[in-house]
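An overview of the molecular structure
Spelled out from the first residue to the last, the chains are:
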Amino acid sequence: MKKYLLEILMFSAYALFAASWVSGAILTPAIQSSFGEEGFANATWGSNVITIAKIVGNLAAAALLMRLGAKRAFALAIVLIAAGGFGALADSYAAWLMSRLALGLGGALAIVYFAPVVLHYFSAEERPMINGINAAAFNTGNLLALLSTGTLAALLGSWQSVVALYGVMVLALGVLWWLSAENFSLSGGADKPQEKYGLKEGVRESFNWWLPLAYCGVLFCYISVFALFPLIDGFAVASSHLSAVMIAAGMVGTVAGIIVTKRFPLRLPVLRYSGLALVIFAAIMLVSREPIIAYAAAAMAGFCMFLPMTALVTLPQELPGMTPGRITVTFAMFWSISYGVETVLMYGAGLLADMSGEPATAAYFAVACSASLFVFSFLLPESGKKASATDQTLEAENATA
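Rules of the game
- Residues numbered from 1 in each chain as written.
- Predicted model: local features only at pLDDT ≥ 70, side-chain atom pairs only at ≥ 80, totals over all residues.
- Heavy atoms only, no water.
- Helix = DSSP H or I, 4+ residues; strand = E, 2+ residues; numbered from the N terminus.
- Buried < 20%, exposed > 50% of the residue type's maximum accessible area, 1.4 Å probe, protein only.
- Contact = heavy atoms within 4.5 Å.
- Areas by Shrake-Rupley, 256 points an atom, 1.4 Å probe, with all protein chains shown as cover.
- pLDDT = per-residue confidence, 0-100.
- Phe/Tyr/Trp six-rings, centres within 6.5 Å; stacked < 30°, edge-to-face > 60°.
- Axes fitted to C-alpha atoms, helices over the stretch in contact; angles between N-to-C directions.
- Nonpolar A, V, L, I, M, F, W, Y, C, P; charged D, E, K, R; others polar.
- Salt bridge = Lys/Arg side-chain N within 4 Å of Asp/Glu carboxyl O.
- Disulfide = S-S within 2.5 Å.
- Patch = residues over 30% accessible without salt bridge, like charges linked within 9 Å, V, L, I, M, F, W, Y side chains within 5 Å.
- Core = buried A, V, L, I, M, F, W, Y, C linked by side-chain atoms within 4.5 Å.

The next subject is the overall build of the chain. Summing up its helical and strand segments, the chain has 17 helices and zero strands in all. Counting every position in the chain, which comprises 401 residues, the buried fraction comes to 53%. Taking all contacts inside the chain whose residues are at least 6 apart in sequence as the whole, residues at least 24 apart take part in 84%. Total accessible area on the chain is roughly 17400 Å²; 68% of this is exposed by carbon and sulfur atoms.

Spelled out as structure tokens, the structure:
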């Protein structure tokens, strides 16, 4: 069916965006060398411009969807992701960074457009599964890059070939999307008038602020595992091993999150207790001096980090009066605010480490910030409904039949 084809194309495009981002980070030494650049601060710009682009692109996503329609808007996102492949032709480090900027803009648009497409094409019963799968797209691309970048660079002979390969693959997805996709009403039905609901209206709703503030600390903790923890000595095991364990456990947590969201009617308890467990296990991971305990805690922290993602993404879709247009604004604000706050927190962690003279302080700060999901869950509305006694009786009778 068409909706499943569109879902596969969207998932694949965002996974390849993640793979292109991460592979570029892995190949940074070779990329810097080819342009005669050096220095750690210079090296971070490859990822920093993508983060900046995501903040800007997320905010622009809603306006572009209203103006272009779903088909052309996501096609634009795919073209921008594919433009990251032009970095292979860059003749200067500045030109390379511009290709990363285009890549980031495309990724920013793509992740926002998941929500309206899912809301339009999939039923309420199907959405938890699809939302959970989409939540795993970045980790899938991340894992793909970690496992294949070195091999691809060796086989193809240069970093340029790897970058170009990702661009070509994404462009092929773009052709399939253009041939398969269609525009649809953003007001929730073809017979309904076009609703005026943009960022101006979105910023007036407190929910659109509480949702990203709940997630920003978790995002900061997740990115810290890859960007911050490797700079810190003193863990019970190598930080790279902790990262790998958390990614693997996160994939399992995503699957568990889909199951929990489909079977359990309420969303807030999942967010609240997963957020609390994340803080506890991540803290144990940092303070433990026993490798086995550190590994186990890292696995549980990764599991709890991704367990609530399906519920978190599904919750806004279940709110009364939600339409594809409204959900686009909600997630445009969600990702923009989340990445904006995460960027500030990451800079604050660096300052904290410099001021204290203890890099590990930054890691403790990241773990403390992950409590945002637990804290702000008390300000979010509950979109799920408890099953009535009649429903429970019918379920029990069906189970025994």
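Here the chain averages 86 in pLDDT, and 90% of its residues register 70 or above. The low-confidence segment residues 389-396, where pLDDT is below 50, has one contact with residues more than four positions distant or belonging to other chains.

If you walk through the whole model with that rule in mind, you get 20 aromatic pairs. Arranged with centres 6.3 Å apart and planes meeting at 35 degrees, the rings of Trp335 and Tyr339 form a pair that is tilted. With Trp335 and Tyr339 both in helix α14 (residues 324-356) and four residues apart, this pair spans about one turn of that helix. We note that Trp335, like Tyr339, is buried. Between Phe374 and Phe378, the ring centres sit 5.3 Å apart and the planes meet at 90 degrees, which makes this aromatic pair edge-to-face.

Close contact between helix α1 (residues 2-26) and helix α2 (residues 28-35) brings their axes to 5 Å; oriented N to C, the two are set at 65 degrees. Contacts from Gly24, Ala25 and Ile26 of α1 reach α2 at Thr28, Pro29 and Ile31. Within the contact of α1 with α2, the residues separate by chemical class into four nonpolar, two polar and no charged.

Of note, Ile26 is situated in helix α1. Sequence separation between Ile26 and Leu146 is 120 residues, and the spatial gap between their C-alpha atoms is 8.0 Å. Residue contacts for Ile26: discarding those within four places in its chain leaves Ala145, Leu146 and Thr149.

Right, let's get into helix α13 (residues 309-317). A large share of α13 lies buried, amounting to nine of its nine residues. Here α13 has its buried residues at Met309, Thr310, Ala311, Leu312, Val313, Thr314, Leu315, Pro316 and Gln317.

As a further point, take the pattern of salt bridges. Proximity of charged atoms lets side chains of opposite charge pair with each other. As enumerated under the stated definition, the model contains four salt bridges in all. Here Glu126 ties to Lys3 by a salt bridge, and the two come within 3.0 Å at their closest N and O atoms. One end of the pair, Glu126, is in the loop between α4 (93-121) and α5 (127-135); the other, Lys3, is in helix α1, with 123 residues separating them in the sequence.

The full count for this structure, using the stated rule, is zero disulfides. This cysteine, Cys216, is not joined by any disulfide, and Cys369 carries the nearest cysteine sulfur, 7.7 Å off. Residue classification places Cys216 among the buried positions, given a relative accessible area of 6%. With no disulfide of its own, Cys221 lies closest to Cys369 among cysteine sulfurs, the gap being 8.8 Å.

This paragraph deals with a nonpolar patch on the surface. Judged by side-chain polarity, Tyr273, Leu276, Ile280, Ile284 and Ile293 come together as a nonpolar surface patch covering roughly 450 Å² of accessible area. Looking at the secondary structure, you find Tyr273 in helix α11 (residues 268-287). Note on Tyr273: relative accessible area 55%, which makes it exposed.

Side chains of nonpolar character tend, in soluble globular proteins, to be buried together. Core analysis: the largest hydrophobic core is formed by 111 residues, its most contacted members being Phe74, Trp96, Tyr113 and Trp177. In terms of residue count, α4 provides more of this core than any other element does, 15 residues in total. Once residues lying within four places of it in the same chain are set aside, the contact partners of Phe74 are Met10, Ala13, Ala110, Tyr113 and Trp177.

The subject of this paragraph is the environment of Ala137. If you trace the backbone, Ala137 turns up in helix α6 (residues 137-156). Separated by 123 residues in sequence, Ala137 and Tyr14 have C-alpha atoms that sit 6.2 Å apart. Sequence-distant contacts of Ala137, defined by excluding residues within four places in its chain, comprise Phe11, Tyr14 and Ala15.

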